[in-house]
Amino acid sequence: MSTITNVVLVGASGALGSRVLEALIDAAVFNITVLARKSSEAQFPSSVQVSHVDYASIAELTVALKGQDAVVSTVGGAGLMNQIPLIEASIAAGVKRFIPSEFGADAGNPNSAKLPVYQRSIAIHKALQEQAKVHPEFSYTLIRNGMFLDWGLVRQYHFAFSSETPPFYDGGDRPFSTTTLYTVGRAVAGVLGHLDETKNRVVYVHDMIVTQRQIMGIAQKFAPEKKWNPVTVDIADLVAKSKESYAKGVFDLNASIGFLCQAVYGEGYGGEFQNVDNELLGIPLKTEADLEELVRDAMSRSGPK
Ligand SMILES: NC(=O)c1ccc[n+]([C@@H]2O[C@H](COP(=O)([O-])OP(=O)(O)OC[C@H]3O[C@@H](n4cnc5c(N)ncnc54)[C@H](OP(=O)(O)O)[C@@H]3O)[C@@H](O)[C@H]2O)c1
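Residues numbered from 1 in each chain as written. Predicted model: local features only at pLDDT ≥ 70, side-chain atom pairs only at ≥ 80, totals over all residues. Heavy atoms only, no water.

**Observations concerning the layout of surface pockets**
Here the largest pocket defines a volume of roughly 1,200 Å³. Around the largest pocket, the lining comprises 44 residues; the ones closest to its centre are Val-75, Gly-76, Gly-77, Phe-148 and Leu-253. Listed by contribution, the elements that provide at least two residues to the lining of the largest pocket are helix 1 (15-27), strand 2 (31-37), helix 4 (119-134), strand 7 (147-148) and helix 9 (253-265). When residues in the lining of the largest pocket are grouped by element, the largest group, seven residues, is from helix 9. Partitioned by chemical class, the residues of the lining of the largest pocket number 26 nonpolar, 14 polar and four charged. (1 Å grid on protein atoms, 1.4 Å probe; cavity = no way out; pocket = protein on both sides within 12 Å on 5 of 7 lines; lining within 4 Å. Points joined across faces, edges and corners; volume = space filled by probe spheres on them. Helix = DSSP H or I, 4+ residues; strand = E, 2+ residues; numbered from the N terminus. Nonpolar A, V, L, I, M, F, W, Y, C, P; charged D, E, K, R; others polar.)

**Quick notes on the nonpolar core**
As a rule of thumb, soluble globular proteins bury nonpolar side chains together. Ranked by size, the top nonpolar core spans 69 residues in total, and within it Leu-24, Ile-143, Phe-161, Val-188, Leu-192 and Val-295 carry the most contacts. Looking at this core element by element, the count peaks at seven residues for helix 6 (residues 181-192). For this core, the domains that each give at least three residues are domain 1 (6-145 + 179-204) and domain 2 (148-177 + 208-301). Judged by nonpolar contacts, the second largest core, of 27 residues, contains Val-8, Val-71, Ala-89 and Ile-91. (Core = buried A, V, L, I, M, F, W, Y, C linked by side-chain atoms within 4.5 Å. Buried < 20%, exposed > 50% of the residue type's maximum accessible area, 1.4 Å probe, protein only. Domains from an automatic or database assignment.)

**Description of the site of the ligand**
Near the ligand there are 24 residues, and of these Ser-13, Arg-37, Asn-82, Ser-101 and Phe-148 occur at the shortest range. Contact distances for the ligand include 2.7 Å between an oxygen atom and a side-chain N or O atom of Ser-101. In the model, a nitrogen atom of the ligand is placed 3.0 Å from a nitrogen or oxygen of the Gly-146 main chain. When the ligand sits alone it has 920 Å² of accessible area, and the protein chains cover 78% of it. The cavity where the ligand resides is the largest pocket. Within the residue set of the shell around the ligand, elements represented by two or more residues are helix 1, strand 2 and strand 7. The class makeup of the residues in the shell around the ligand is ten nonpolar, twelve polar and two charged. (Near = heavy atom within 4 Å. Polar contact = N/O pair within 3.5 Å; in protein donor to acceptor, adjacent residues only side chain to side chain. Areas by Shrake-Rupley, 256 points an atom, 1.4 Å probe, with all protein chains shown as cover. Sits in = over half its atoms within 2 Å of the grid points.)

**Focus: the domain arrangement of the chain**
Split by domain assignment, the chain resolves into domain 1 (6-145 + 179-204) and domain 2 (148-177 + 208-301). In this assembly, 32 residues from domain 1 lie in contact with 27 residues from domain 2. At the boundary of domain 1 with domain 2, total buried surface from both sides reaches about 2,400 Å², with 66% on carbon and sulfur atoms. On the domain 1 side of the contact with domain 2, Val-117, Thr-180 and Tyr-204 bury the most area, a combined 22% of that side's loss. Counting across the interface, domain 1 meets domain 2 through one salt bridge. The salt bridge involving Asp-277 is made with Arg-201; its shortest N-O contact spans 3.0 Å. Here domain 1 is connected to domain 2 by nine residue pairs in polar contact (both at pLDDT 80 or more). Secondary structure elements with two or more residues in the side of domain 1 that touches domain 2: helix 1, helix 6 and strand 10 (201-204). (Contact = heavy atoms within 4.5 Å. Buried area = accessible area lost by both parts, 1.4 Å probe. Salt bridge = Lys/Arg side-chain N within 4 Å of Asp/Glu carboxyl O.)

**Focus on the UniProt feature "domain: NAD(P)-binding" (unreviewed entry) in the chain**
UniProt annotation of "domain: NAD(P)-binding" (unreviewed entry) refers to residues 11-159 when read in the numbering used here. The span residues 11-159 is 36% helix and 18% strand, and its two end C-alpha atoms sit 28 Å from each other. (UniProt positions renumbered as here; feature names shortened; annotations may be inferred.)

**Looking at the packing of aromatic side chains**
Both the distance between ring centres and the angle between the ring planes are used here to describe each pair of aromatic rings. Scanning all chains against the criterion turns up ten aromatic pairs. Summarising the aromatic geometry, the rings of Phe-159 and Trp-228 are spaced 5.0 Å apart at their centres and angled 85 degrees between planes, so their arrangement reads as edge-to-face. One end of the pair, Phe-159, is in the loop between helix 5 (149-154) and strand 8 (167-169); the other, Trp-228, is in the loop between helix 7 (212-222) and strand 12 (231-233), with 69 residues separating them in the sequence. Of the residues examined, Phe-159 reaches a relative accessible area of 1% and is grouped as buried. Relative accessible area serves as the criterion here: at 7%, Trp-228 is assigned to the buried category. Aromatic pair Tyr-246 and Phe-259: ring centres 5.0 Å apart, planes at 80 degrees, arrangement edge-to-face. Remark: Phe-259 occurs in helix 9 and Tyr-246 occurs in helix 8 (residues 235-247); sequence separation between them is 13 residues. The residues Tyr-246 and Phe-259 share a single accessibility class, namely buried. The structure contains a cluster of three or more aromatic residues connected by ring pairs, namely Phe-159, Phe-161, Phe-168 and Trp-228. (Phe/Tyr/Trp six-rings, centres within 6.5 Å; stacked < 30°, edge-to-face > 60°.)

What follows is the structure, encoded as structure tokens:
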């Protein structure tokens, strides 16, 4: 398979997309075009081209994607199903590799695959599998990276520094895979540099495996005066709340927390990756010292929760 030169990044203004863009620019081997909604007011570095598109128009998308080798989608939850026309336009335009907006825990684990929060990603995966069968010149790669590390620390999901009674999900001792946003960007660049090895499959990557209690231990080193009394929260209770919200038609991040906690911290849901593709993608594991730096940074930026 030939190499990738021209890359389109969709949703590059988002929390993840902005760091993926940075990593793709840093790789210094791609011509990058950003696709953004017509309504988007986001600004991008002058080294990238920007195309504002209507995601409902396959014809318009096809024109925007002509001459592109790869499409990387980092759209947020609200835009996930817009990837269906995007995939069709990619095929029409001759795009070789599509990386959808997956970037989560292991939605392929048989228990996680039943969680309502993953049903749209699973539908996109199925659409990609079917299209790749019919169009052998078209291929896809899914990237799973566990919960975001730096993002989750700053938002106090991994450990609520600002609370005296931070939640420990099912006790706080479950090891889980976690990855910084920039490392996800490096994984994207790594996939685009290893087309054959990553063709039509899921790749797994993580910076490290940690537990909530380990993060609290590090936080305690930086704030020895703090008295935290972690409270065990049953994930089953959070899942029940998420089910209630979904039943009322509320599907945002807050409403999804129970399902996401289940996938990341729940026993038997594959939150701790057993096999990763770090070596193939050229991504070394982070060390305890790296984690300390990330925790310290997050604590310095965390306001009251
Ligand atoms: N593993 C984890 O811990 C974790 C955590 C959070 C998110 N994620 C995943 O990471 C991916 C990106 O999430 P994010 O939080 O970075 O996304 P985000 O910031 O909510 O959105 C990313 C971009 O998507 C575009 N967008 C928004 N609504 C859209 C729509 N209706 N149609 C098309 N484009 C739309 C916007 O770009 P423009 O304005 O430029 O068009 C936006 O900046 C998702 O797959 C999400 O599930 C994983």
